Amino acid sequence: MLKFEIECDVDAAWRAIHSPQVASELYGPLVAMKPWSDVPTSWEHGDNAAVALSALGIPMGKQFISITNRERTHAGRHVRIMRDAGIPLTGPLATLDVWDHQMAVSPVAGQPHRTLWRDRLTIGGATAPLLWPALWATWQWRQLRITQLAPSWAFDPAEQSDQAVPNA
């Protein structure tokens, strides 16, 4: 489970969570994610697709992605949650019996251009203890990449106060 703040508004973070392109960028350049079936330009509730994964050019198998969305209120905050309840189809991760990836975003109180991001992966099966260290490391990479990329997700990035404004 990762829990951290990012520099973008919650709507931009929600759009990013639903973008297969952003998902691909989060893992790059270590892991490449390429469509194996028709992948939408934006994930919607009920969407399913398959992708092929490779790590440093080595094929790692195919992953089935199955998307659901829900919303709830937690501690007075509106929380939006996207869940991928798909499953690895081939490769080392296919030895897992459970794959439940949930990403949640909510606004940071009093900071309209900051979002609280929670990213949880639950795995299970006989090989889960063997795969956990690699997946833990991958999730640390995800957090770094999310933090790096988040400012670019906004449609209207906040202007820097030290930038000169041209005369009209």
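Since this is a predicted model, take the numbers as computed values, not measurements. All residue numbers here refer to positions counted from 1 along the written sequence of the relevant chain. Local features are withheld for residues below a pLDDT of 70 in this predicted model, meaning they are given only at 70 or higher, and side-chain atom pairs are given and counted only at 80 or more; totals for whole chains, interfaces and linings count all residues. Neither water nor hydrogens contribute to the side-chain values; these are computed over all heavy atoms in the structure.

A. Quick peek at the packing of aromatic side chains. Ring geometry is summarised as follows: Phe, Tyr and Trp rings, the Trp one being its six-membered ring, pair when their centres sit within 6.5 Å, and such pairs are stacked at plane angles under 30 degrees, edge-to-face over 60 and tilted between the two. Within this structure, the stated rule accounts for 3 aromatic pairs. Seen in terms of ring centroids, Trp 117 and Trp 153 are 5.9 Å apart; in terms of plane orientation they differ by 35 degrees. Their pairing is tilted. Of the two residues, Trp 117 sits in strand S8 (residues 111–124) while Trp 153 sits in the segment after helix H3 (128–149), which places them 36 residues apart along the sequence. Note on accessibility: Trp 117 and Trp 153 belong to one class, buried. An aromatic cluster is built from Phe 4, Trp 117 and Trp 153, whose rings are joined through pairwise contacts. Only when the NZ of Lys or the CZ of Arg is both within 6 Å of the ring centre and within 35 degrees of the ring normal is a charge said to sit over the ring. Across the ring face of Trp 36, the terminal group of Lys 62 is positioned such that the distance to the ring centre comes to 3.9 Å. Segments assigned H or I by DSSP are reported as helices when at least four residues long, segments assigned E as strands when at least two residues long, and all are numbered from the N terminus. Exposed residues in this analysis have more than 50% of their type's maximum accessible area, buried residues have under 20%, and partly exposed residues fall in between, with area computed by a 1.4 Å probe over protein chains only.

B. Highlighting the nonpolar core. Here the nonpolar core consists of buried residues drawn from Ala, Val, Leu, Ile, Met, Phe, Trp, Tyr and Cys, with membership extended through side-chain atoms lying within 4.5 Å. If you look at the biggest cluster of nonpolar residues, it comprises 36 residues, and the most contacted ones within it are Ile 6, Trp 117 and Trp 153. Looking at this core, the elements that each hand over two or more residues are strand S1 (2–6), helix H1 (10–17), helix H2 (20–27), strand S3 (48–55), strand S4 (58–74), strand S7 (98–108), S8 and H3. Apart from the residues lying within four places of it in its own chain, the contact partners of Trp 153 are Ile 6, Cys 8, Ala 12, Ala 13, Arg 15, Ala 16, Val 22, Leu 26, Trp 117 and Ile 146. We call two residues in contact when some of their heavy atoms are within 4.5 Å.

C. Up close: H1. Across the 8 residues of H1, 6 count as buried, placing the element largely inside the fold. When H1 is considered as a whole, its buried residues turn out to be Val 10, Ala 12, Ala 13, Trp 14, Ala 16 and Ile 17. Polar contact is the term for a pair of N or O atoms within 3.5 Å; when the atoms are in protein, one must be able to donate a hydrogen and the other to accept it, and sequence-neighboring residues count only if both atoms are side-chain atoms. Regarding H1, its N-cap is Asp 9, as a side-chain oxygen of that residue lies 3.0 Å from the backbone nitrogen of Asp 11 further along.

D. Region of interest: the pairing of strand S5 (residues 77–84). In terms of strand pairing, S4 meets S5 through 8 bridges, oriented antiparallel. When the sheet's bridge partners are listed, Arg 70 is paired in S5 with Ile 81. Between S4 and S5, which follow one another and run antiparallel, lie 2 residues, and Ala 75 among them has a positive phi close to 50 degrees. Summarising the sheet, S5 and S7 pair through 5 bridges and their orientation is antiparallel. Opposite Ile 81, over in S7, you have Ala 104 as the bridge partner. Note on pairing: DSSP must find at least two bridges between two strands before they are called paired.

E. Structural detail: the pattern of salt bridges. A side-chain nitrogen of Lys or Arg and a carboxyl oxygen of Asp or Glu constitute a salt bridge if their distance falls within 4 Å. With the rule as written, the count across this model stands at 5 salt bridges. With a closest N to O distance of 2.9 Å, Arg 114 and Glu 5 form a salt bridge. In this pair, Arg 114 is assigned in strand S8 and Glu 5 in strand S1, connecting sequence segments 109 residues apart. When its relative accessible area of 37% is taken as the criterion, Glu 5 is described as partly exposed. With its nearest N and O atoms 2.5 Å apart, the salt bridge here joins Arg 142 to Asp 119. Separated by 23 residues along the polypeptide, Arg 142 in helix H3 and Asp 119 in strand S8 bring together distant segments of the chain. On the basis of relative accessibility, which here comes to 0%, the residue Asp 119 falls in the buried class. The network of salt bridges with shared partners includes Glu 5, Glu 7 and Arg 114.

These values are about where atoms sit, not about what they do.
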